[in-house]
Structure formats: structure tokens, C-alpha cells
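A closer look at the structure
Listed here are the chains, written in short residue letters.
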Amino acid sequence: MKICVLVKEVPDAAVEKRINPATGRLDRSGEKNLNPFDTHAIEAAMQLKEGGAVQVDEVVAVTMGPESALRALHKAVSLGADRSVHLTDDALAGSDVNGTGYALAKVLEAEQPELVLLGQQSDDGECYTIGAVVADHLRMPSLTQVIKLDVDGDKLRCERQAEYGYDTVLVELPAVISVGDAINEPRYPSLKAIMGAKKKPLDKRTVADAGIEPDRVGYANARAHCGDFNAPEAKEPGRIIEDEDTNATVEQIVAWLDERKLLA
């Protein structure tokens, strides 16, 4: 079995997320990192490989992004992926979910994996749908919010979070599965793995290499554009009451609540 894990480079969690007013897209300057939700997908792939219930020949990390996305691939490889594929081309910049899903599907078509794994969402755009879009292009079954993954003969038995509980679904391969962050606890890469990540095979591909139609990707061909955006309204600063006099403090709190008609 070959497993491909879709990963993404996102702004570091400590970086304030901003919209670039010139492009209407997320400002991706500053520190970046591997999407934390994707680390659960890598761990799920590694547990299948190490579990012994099915023979996993290789785990391949796949990303679409600028040159800087190499760091996300290196992190994915340090977590256990055997090699990586980097789809990078200026023509891809500004692609929406539909264009991104199509482009990634073209790369996966060439890889021919039996299983595609990815995290439940990205930490930047908070998009939950890329797995379903990829699966639709590949004509594969798709599951989301999977929190348990077991081999059942030539199928996978998946438990997924549903609106009112949990579903247990038997999935035939090949399939595309988005895993929830409750599925596992991702491992930490060893120093040896971190140092050796840059030496593992990396395949760079352009739009032409992957057979992607240029008029289906990029900002100009996106089906969704940001028409307007505004920063959220600033909240009023909180009021701190020093408890020097308990009775006075209680009176102030009661008066504050009464002013806002919050007392019954």
C-alpha cells in the first residue's frame, strides 16, 4: 500500500493573521510552519505502517505552495514520511479550494496511492472541504472527521464524529480520509530525523509537469474572490475591581449588572 498525506504550510500560530489589502488574500509573510492538523494525518499513516495489519510500502508527503513550503515538507519527512512531492508554480498563486483540490488531485493521479490522508482543516483558512474536493476529482470515496482507523481485510473500518454521536463506516480502498485531531497524539521528531529530513527524496513539480490545465488554477480563475473585509470591532477593555473593601466591591458588581438589566 502507498499512502499519500496532504500537508500545508501555514502561518505560525503566534503570528497575527491579516488580510493583504492589495490582493484580498491572507498575508503569509512572517514565520510559517507545518499545519498542526496535518501532523495527525502523518501520525495516522505511520501507525498504519508500523501496525503490521497491512503492508505499507511508503508514505509520501504532498504539498502545493511556494518555495518556503519546503520547510513544511521537511517537517513531514522528519515525522516519518519516506519522501515528499512539492507542487510549486507561480501560476498556482491565489487558487481557491476548487483549484487547489484539482491541482492536488492531478499530482495524486500520478502517484496512484491506495490511501490519501489529510488533517480535518487548515490552521489559516479553516477550510474543512479540501479532502472532499480532492476525492471528487479522483472519483474516490471520502470520509471526514475520522477519529479511529483500523484495517479490516482489504478495507478500512473508520469511526467518525457525527452531529449526534459517532458513525462506524467500512471504506473500500482507494479512499480519501480527513482525520480529526482526536485520532492520535502526534510524535515528536528525533534530532536524527530532523537532521536527515533534507536528504530524503524530494520531487518538485510544476503545473506543466503535473499536467494541470493553467486556466483552472490561480487567482484569475478562482471561483471565489474576497469582495470586502474589515477588521473586527475592538472590544471595550475589561474593568478590574480591586477587592480592598468587599462590601463596596459587591455593590459595584451589582450596580454593573443592574445597569445592563442582567439581574432577575
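Residues numbered from 1 in each chain as written. Predicted model: local features only at pLDDT ≥ 70, side-chain atom pairs only at ≥ 80, totals over all residues. Heavy atoms only, no water.

Some details on the layout of surface pockets
Space inside the largest pocket adds up to approximately 1,300 Å³. Lining the largest pocket are 46 residues, with Lys8, Arg28, Ser95, Thr100 and Asp124 positioned closest to its centre. Residue assignment for the lining of the largest pocket shows that the elements contributing at least two residues are β3 (19-20), β4 (25-26), β6 (58-64), α3 (97-111) and β8 (115-119). Its residues placed into classes, the lining of the largest pocket shows 19 nonpolar, 16 polar and 11 charged. Its volume calculated, the second largest pocket comes out at about 320 Å³. Along the walls of the second largest pocket sit 17 residues, with Pro36, Thr39, Lys75, Pro186 and Tyr188 positioned nearest its centre. Within the residue set of the lining of the second largest pocket, elements represented by two or more residues are β2 (9-11), β5 (32-34) and α1 (36-51). With 3 residues, the single largest contributor to the lining of the second largest pocket is α1. Considering only residue class, the lining of the second largest pocket consists of 9 nonpolar, 3 polar and 5 charged. (1 Å grid on protein atoms, 1.4 Å probe; cavity = no way out; pocket = protein on both sides within 12 Å on 5 of 7 lines; lining within 4 Å. Points joined across faces, edges and corners; volume = space filled by probe spheres on them. Helix = DSSP H or I, 4+ residues; strand = E, 2+ residues; numbered from the N terminus. Nonpolar A, V, L, I, M, F, W, Y, C, P; charged D, E, K, R; others polar.)

Brief notes about α3
For α3, which comprises 15 residues, the first-to-last C-alpha distance of 21 Å matches the rise-based estimate of 21 Å (1.5 Å per residue) to within 8%. For α3, the full list of buried residues reads Gly99, Thr100, Gly101, Tyr102, Ala103, Leu104, Ala105, Val107, Leu108 and Glu111. Once α3 finishes, Gln112 follows within two positions and takes phi at roughly 55°, a positive value. (Expected span 1.5 Å × (residues − 1). Buried < 20%, exposed > 50% of the residue type's maximum accessible area, 1.4 Å probe, protein only.)

Thoughts on the sheet that holds β8
Overall, mixed pairing links the 9 strands, which are arranged β11-β10-β9-β12-β8-β1-β6-β7-β13 in an open sheet. Both outer strands of the open sheet, β11 (165-172) and β13 (202-205), are each paired with one neighbouring strand and no more. For this sheet the average axis-to-axis angle between neighbouring strands, irrespective of direction, equals 30°. Helix-sheet contacts for helix α2 (residues 70-78) involve β6, β7 (83-87) and β13, and the interaxial angle to β7 is about 160°. Running over the sheet, helix α4 (residues 130-138) touches β1 (2-6), β8, β9 (142-152) and β12 (175-179) and is turned about 180° from β12. (Pairing = 2+ DSSP bridges. Axes fitted to C-alpha atoms, helices over the stretch in contact; angles between N-to-C directions. Contact = heavy atoms within 4.5 Å.)

Quick notes on the side chain of Thr39
Looking at the element boundaries, Thr39 is found in helix α1. Relative accessible area serves as the criterion here: at 13%, Thr39 is assigned to the buried category. In this view, Thr39 contacts Leu34, Leu79 and Pro186; residues no more than four positions away in its chain are not counted.

With respect to α2
For α2, every residue scored as buried is listed here: Leu70, Ala72, Leu73, Ala76, Val77 and Ser78. Following α2 by one or two positions, Gly80 adopts a phi angle in the positive range, close to 135°.

So, the pairing of β11
Pairing of strand β10 (residues 155-162) with β11 involves 8 bridges; the strand directions are antiparallel. In the sheet register, Lys155 faces β11, and the bridge partner there is Glu172. The hairpin turn running from β10 into β11, its antiparallel successor, is 2 residues long.

Section: a negative patch on the surface
On the surface, Glu242, Asp243, Glu244, Asp245 and Glu251 cluster together into a negatively charged patch. The residue Glu244 is located in the loop between α6 (207-210) and α7 (246-259) in this model. (Patch = residues over 30% accessible without salt bridge, like charges linked within 9 Å, V, L, I, M, F, W, Y side chains within 5 Å. Areas by Shrake-Rupley, 256 points an atom, 1.4 Å probe, with all protein chains shown as cover. Salt bridge = Lys/Arg side-chain N within 4 Å of Asp/Glu carboxyl O. Lys, Arg positive; Asp, Glu negative; His and termini not counted. Charge placed at Lys NZ, Arg CZ, Asp CG, Glu CD.)

Things to note about unusual backbone geometry
Glycine aside, residues mostly have negative phi angles, and peptide bonds mostly take the trans form. Cis geometry marks the peptide bond from Leu173 to Pro174, where omega comes out at 5°. Even without a glycine there, the phi angle at Lys261 is positive, about 55°. Lys261 sits in the exposed class, given a relative accessible area of 74%.

Focus: the packing of aromatic side chains
All told, the structure shown has 0 aromatic pairs when counted by the stated rule. Against the face of Tyr102 rests Arg216, its NZ or CZ located 3.9 Å from the ring centre. (Phe/Tyr/Trp six-rings, centres within 6.5 Å; stacked < 30°, edge-to-face > 60°. Lys NZ or Arg CZ within 6 Å of the ring centre and 35° of its normal.)

Observations regarding the pattern of salt bridges
According to the stated counting rule, one finds 18 salt bridges in the structure shown. A salt bridge links Glu58 to Lys2; its shortest N-O distance comes to 3.7 Å. With Glu58 in strand β6 and Lys2 in strand β1, this pair connects stretches of sequence that are 56 residues apart. One exposure class covers both Glu58 and Lys2, and it is buried. Glu111 is the partner of Arg83 in a salt bridge, and the nearest nitrogen-oxygen pair spans 2.6 Å. Taken together, the residues Arg83 in strand β7 and Glu111 in helix α3 connect sequence positions 28 residues apart. Each member of the pair Arg83 and Glu111 is classed as buried.

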